[in-house]
Structure formats: C-alpha cells, structure tokens
Amino acid sequence: MTTVTAPTLPDELAPRKKPPRFWLARKTIMTPILLSLLIVVIACLTVMTGSRPLNQAVIDVFVRVTLVVGLYIFIGNSGLLSFGHIGFTCLGAYAAAWLTISPMMKKSALPGLPAWLLDTKLPYWESAVFAALFAGLAALILGKVLMRLSGIAASIATFAVLAMINTVYSNWENVTGATSSVVGIPIVRAIWPYVIAAVVAIFIAWAHAISRAGLALRAARDEPTAAAASGVDIPRERLVAFTISGAVTGLGGAMMAHSIGVVTPDTFYLGLTFITLSMLVVGGMSSLSGAVIGVVLLSALIQALRWFEAGVPIGSITLALPKGLQEIALGVIMIVILAFRPAGLIGNREITFFNRNRHK
Amino acid sequence: MAYLRSFIASAFALVFAIGAHPATADDGEIVVGFATASSGFMEAYDKPAEDAAMIRIDEINAAGGLLGKKIKVVSADTKSDRAEGAKAGLSVIDQGAKLVVVSCDYDFGAPAALAAEDAGLVSFFLCAESVKAGIQGVGPHSFSASVLAAVQGATMAEWAFKDKKAKTFYRLLDTWTEYNKGICDGFDWMMPKLEAQGAKLVGQDTFKNDDASIAAQITRIKSLPQEPDAIMLCTMMPGAVSAIKQIRAAGINSMILNGSGVDGSYWLSAVPDLSNFYTPVQGSIYGDDPNPEVQKFNATYKKKTGTDPSSQYVYPGYSMIDVWAKAVERAKTTDADAVVSELEKMNAEPTLFGPRTFTKELHHQNQARYLIVETKNGKPSVVGNWTISEPVPMDALVKK
C-alpha cells in the first residue's frame, strides 16, 4: 500500500495532449475500492464475532463514515470549514422518520404533516434515498446563498444554518414533535445496509473529486485567483460540492435514524458536529482516505477506552479507568496526533496499490 | 506506509478484543440487565433507583432466589447518550438478560428499551413518567416503574380542593419538558370535574425553565382581584427553585402545588422558611413515612450507599424488581410473554410504595396512592395521602 498525490496532473502530461478517456478514473479508482474493502472486511469480521453490541458499535462507525465522507466532499475539496452539515443530517433523519413510521403512529405524534406524507410508509432503503434527496435539495437552496461567501464568513454562516435548522426542528411541534423523541422508526440491525451506504458515499465522493467540478473546486481551493482567472466559477463549483455533500450527510442521517430508532433534534447538534469534524481533521481534511481512516481509528480508540472504562479483567483483579476518562483521553490523543501531523494522519494523500509517488 | 499498516492492524486487534467478551448466562441463575447511565448527567437519576433495585434483588437472593435460581446482575453504561444506550441495551441482552432495566427518562431509555423489545424481552424504565414509556412509545413488553406525571397534577388538584378546601386555582406551566406538560395535563383533566363542584380556575400562564425572571407572570397573578388559593406549578429542577423564590418574594402566599420532581430537601436552603408548599411522593425520605417498612428500607439504603435517599425517585427501582419478580414467580418462567401476561393481571398489587396496576392498554400507573408532603417553615413532612377518585383516562394522556 502506498500513496500518491491523487488527482493532480503530473507536469509532463500538462495540457499539450488530451489524456485518454477515463484516464483519471483509472488512475485513482484503487482508492475507493481499497477503502470499501476496508469497510467490508470490518463488517465481515464483526459478523463473524456474532456479538450484538459490537455489531451495533460497527454500525455506528459506518454511519459516521457516511457522515464524515459527506463532510469531506465539501470541506476537503473547497477548503472551507462547514459547521452546518449536521443540520442536513437532521433533515435526512427526520425525513426518514416521516417516511417510515407507520401512518397510525404518525397521525397521533406528528399530526401537522401533509396528508400524503401521513399515509406514506416506505421501506427503509427507499426512504433513505428520498431523505438524501431532500437534504440535498435543502443544501442546494441554502448553498445558493451561502456559497457567495468565503473564508470565515462562510464557516460562520454554515454554523448559523445548523442553529437555524435545530431551532426549527426543536419547536415545530406538529411536524417534528419538537424536543420530544420521535419513535416508531423501524430499526435495522443488519450491518449490510450500513456497509452499502458507506460504500456508496465513498464512491460518490471519489466520483465528485475526479469530476470537472471537483477538480475545478480543488484548483480554487489552492489558488483562488488563478482558478477564477482560468474561468472557474467558484461559487458554482462550491454549490455543486455543497449540494452533494448535503445529500450524503442526509443519507447518513437517515441511516442513523434507522440504527437507533429514535430521533430528537439535540442528537444532531454541536456534539455530533464536533465529533465528525474532529474525525475528519484527525484523518486528514483534504483526503478521502483520511476521512474514512480517521473515523475508523478514532472510533476504535473510543471503543477501546470505553472498554477500559468498563474494566478489563486481568487475573482475579479488574482494572478500570475512572468513568468519563474516555472523553479526556480522546481529546489528549487528538491533540498529540495533530501536534505531530498537523495535516492529519493521512495528510492530503490517498491510499492506492501502486508505488507511483509523484511530487507536486 | 508502515505506520498506516500498524494503525490498521491495531484497530483490528482492538475491535477483535472487544468482540471477545464472553457471554455469561448459565442455567443456575436469572440475569437482570441494567442498561442505565453510570456516567453523564442521567447518572444522578439512574443511580439511586438502581441502588434501590439492588436492595430488592439482594433480598430476593437472600430468601432463596427466584424460581430457585439466584438473580445475577449485569450492567452496561449508556453514558447518558442515546446511541450508546442502544449499545448498552444490546450488550446486556447478549449477556443473557431476561429483564432489561433502562434509564429513568423516556428519551434516554428508549433506545435500550427498543433493543429489548426487538429481542422479545421485558424492559422496565426505572422512573420515567411519560405515557410513552411503555406500550405507546416502545412496545407490548415495555413497562415503567413510576407513576404518570398526569396523576401527580390530578392528585394535587383534587387533594387541595377536597382536603384543603382550596376554591380558586391558578395554573403556571413551565413548557420545558414533557414531564412538566404531563403534570399540567393531569391538572387540566381534573379541573373541570372540580369546577362542577365549585372550584374555579382563575388564570393560567406559562414560562420557560431557564427564564431568569418570571416577573411578568407574577404581575399577572398579583393583578387578580384576589390572590388564588392554590397555584399549580408544573415545573422541575433547576428552574423550579427560582420560580418558587420569585413567587414568594413577590408576597404571594397561595398554596403551591407541585409534581414529585421537586421532592428532596437539598434545595430548600435556597428559599428560606418556605411554607404552604405541597409535593406528592410515593414514599417519604424525611423519616416519617407512615409505613414502618419504608423506614426500614430507608435505613437499608443508607447502610448500603452511605447516604439517605435524596428524593422519592429512589423508590420506583425497588417496586420494579418487586412486581417483576412476583410476575416471574406466578408465570413460573422468565419467558417474556408469560411474564407480561402476569404483570397485566396485576390489579392494585400491593408494594411498599403503594398499589400497582398494569393492563393490556397501559403499562404505567394512571392512578396511584400518593403521600402529600407539606413544607412548613422550610421543614418537609408528610401530612396525608391521596388517591385520585378515578384513573386518568387514556385520551387525557395521549395527545389528540
């Protein structure tokens, strides 16, 4: 396993000759394949252990992979930090709830929904697709305004979006149940739907990154002036990434709703925003591999710390860390990682098979 | 990329190590699983009730166990987090739990209870007081050990009218939580019945738990032609203290009626010499419970945990194990459906903390005996008890 600076064009191949079709796709396809394999291998190992709590923990990891890959599509490619994406997760989760709860329960709990929605009951995978589209649509509309901003103003504005969505969903009694839990969402305990969601997210992220829009956006991230001068419409490319990443985080929200079976607005607020962002930053903000590996590593770390908190039997004695140490240890470890690798564990590289390490 | 490889390798090693937890159910014992919070803010609610449940389990084990088997306790921490709650639930189920005990609050207990329901096991909320904690919000195998919030509001209204001859009522609702709204729902259901007998609701108002000042609300009470006899205050900690303080500081001396959420003496020093203040409780923590068995329980609790019970929310944990164990004895099995059907046969089943009834429609108490605690000059003590004349009906409990 080695790394290359993924989709940057090597000097000798510069515009002189048009590269063959799918040249970039062929060159970079190993990254999503390897990352998907990693996900599938983890899933297989989990199924082999047959432990239900582990199964649930790994489902959690895959949901986060979906969310963080969604974040990466926008943050990684545009270089803008977004605090608002968990808002789209919230939209996705509630959309999944609206579409899958049995009509009888909906009528009593969420009477404010339109009649056609009250009578709808879809299987979870259909609802997940609609939830993603709904979140993507919301991202498109909000992004149309937000993407004209840049730098810190854009980040703060995305944070305002998060706060706005949270406030609406915490108070719209008839439609979202306000702060009460929305229950009755069918729970999916099989691991494979989550594997599929994570793999789909990874391939969407990869396809976007090598697309014209993705390349233009990364050019704009690295050299905004030059990119604009070369004809890149920066707000437009950002909007494309924002919409796609909104849809993927919405998909993550729908999967999250099906993994726990309960949604409340406060699940989708600061806590989740910061844990997903830190997973992305620790893994490597501008790399798809970083996004996936960051989640897997930090989740493994959290699980391990939780395990130590619960107590590890060594002979006749049980060693246990004080309760609550998990959060502190996690923070310390993240600081250490970032101190030694400021660009994250993977930096801006991608994992591939072949040793074709090229320089910028 | 050696570091990367070793990272991934160690990640797998960890995942494996965690997966290798042994499942520990053997035939000689019955496992009770606690998927409750032992860290985070819910711990303050879960831990005391869990300790009380342990006391009942120890008693049962000392008396020879259940169906001739010892009860074994396994637990998993929800960390006061919903996603962790689902994992904690699955974890105790994997360890062979026949009864899954979940967090006090509906929102935080539901994920674990849903996991138990999924696995076809009986689940009990430690002290949730929302109607959702049971059939309505989880499924046919889920129960709550406490009493519905609505019963508290209804109890206080009827008791104040019948026993204290209060005629004019004022309703002040803190819209923060379902629990608060539940208390006032019960009050709203009871009020028309009392109005038919001569009581009168002279006004109502709302505030939010974290409002720094409720001066506007107080002004409206003060501008009534006459001070109301009783104020039904549907609120909970921490905002309750500030609201009570402000009402008294404004010179309003009406009776203040509350839900059980304000039970406990830990906050009374914040409102010195509080009087004319009433709270419904399932058992008294003040050493004056009319039932000597409750006092004995309080002593055992102190011996076991080193402190007196801090509020009445300790008690439901004990009743919970009590009714479940009785149902298991009667069903002669721990099989969920058989136990549920025995629980549903319970009609006014006596427990240390009042009779308990479960039906096919409601796995919660919609009528219960409450002790009334009066705080006089800053000293709380039991002044009576009250059971509402009829149970709170379903349509008053479930939102229309």
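Residues numbered from 1 in each chain as written. Chains lettered and ligands numbered in written order. Predicted model: local features only at pLDDT ≥ 70, side-chain atom pairs only at ≥ 80, totals over all residues.

(A) Up close: the packing of helix α15 (residues 288-310) of chain A against helix α16 (residues 325-340) of chain A. Residue and element names in this part refer to chain A. Where α15 meets α16, the closest approach of the two axes is 9 Å, and the angle between their N-to-C directions is 140 degrees. Viewed along their axes, α15 and α16 form a crossing whose handedness is right-handed. Packed against α15, whose contacting residues are Leu 301, Ile 302, Leu 305, Arg 306 and Glu 309, the element α16 presents Leu 325, Gln 326, Ala 329, Leu 330 and Ile 333 at the interface. When the residues that make up the contact of α15 with α16 are grouped by side-chain class, the tally is seven nonpolar, one polar and two charged. (Axes fitted to C-alpha atoms, helices over the stretch in contact; angles between N-to-C directions. Helix = DSSP H or I, 4+ residues; strand = E, 2+ residues; numbered from the N terminus. Left-handed = near helix turned anticlockwise from the far one by under 90°. Contact = placed C-beta atoms within 7 Å. Nonpolar A, V, L, I, M, F, W, Y, C, P; charged D, E, K, R; others polar.)

(B) The arrangement of the domain arrangement of chain B in detail. All names here are of chain B. Once the domains are mapped, chain B shows domain 1 (12-147 + 298-344) and domain 2 (149-281 + 369-397). Computed over C-alpha atoms only, the centres of domain 1 and domain 2 are separated by 32 Å. Here the residues of the side of domain 1 that touches domain 2 are counted per class, giving two nonpolar, four polar and one charged. (Domains from an automatic or database assignment.)

(C) Local environment of the pairing of strand β6 (residues 168-174) of chain B. Residue and element names in this part refer to chain B. Counting buried residues along β6, six of its seven residues qualify, which places the element largely inside the surrounding structure. Where β6 and strand β7 (residues 200-207) come together, seven bridges link them in parallel fashion. If you follow Leu 173 over to β7, its bridge partner there is Thr 206. For the crossover from β6 across helix α7 (residues 178-195) to β7, the handedness is right-handed. Pairing geometry for β6 and strand β8 (residues 230-234), over five bridges, is parallel. Bridging from a neighbouring strand, Arg 171 pairs with Met 232 of β8. (Buried ≥ 20, exposed ≤ 12 C-beta atoms within 10 Å, placed from the backbone. Pairing = 2+ DSSP bridges. Right-handed = clockwise from strand over helix to strand, strands pointing away.)

(D) Highlighting the pairing of strand β11 (residues 369-376) of chain B. Residues and elements named next belong to chain B. Relative to β11, strand β10 (residues 277-281) runs antiparallel, the two sharing five bridges. Residue pairing in the sheet places Tyr 278 in a bridge with Glu 374 of β11. The hairpin turn running from β11 into strand β12 (residues 379-387), its antiparallel successor, is two residues long, and Asn 377 in that turn takes a positive phi close to 50 degrees.

(E) Broad picture of the environment of Glu344(B). Residues and elements named next belong to chain B. Tracing the sequence through the fold places Glu 344 in helix α12 (residues 336-344). Given 18 C-beta atoms within 10 Å, Glu 344 falls into the partly exposed group. Distance in space between the C-alpha atoms of Glu 344 and Leu 362 is 8.8 Å, their sequence separation being 18 residues. Discounting residues that sit within four places of it in the chain, Glu 344 has contacts with Phe 358, Thr 359 and Lys 360.

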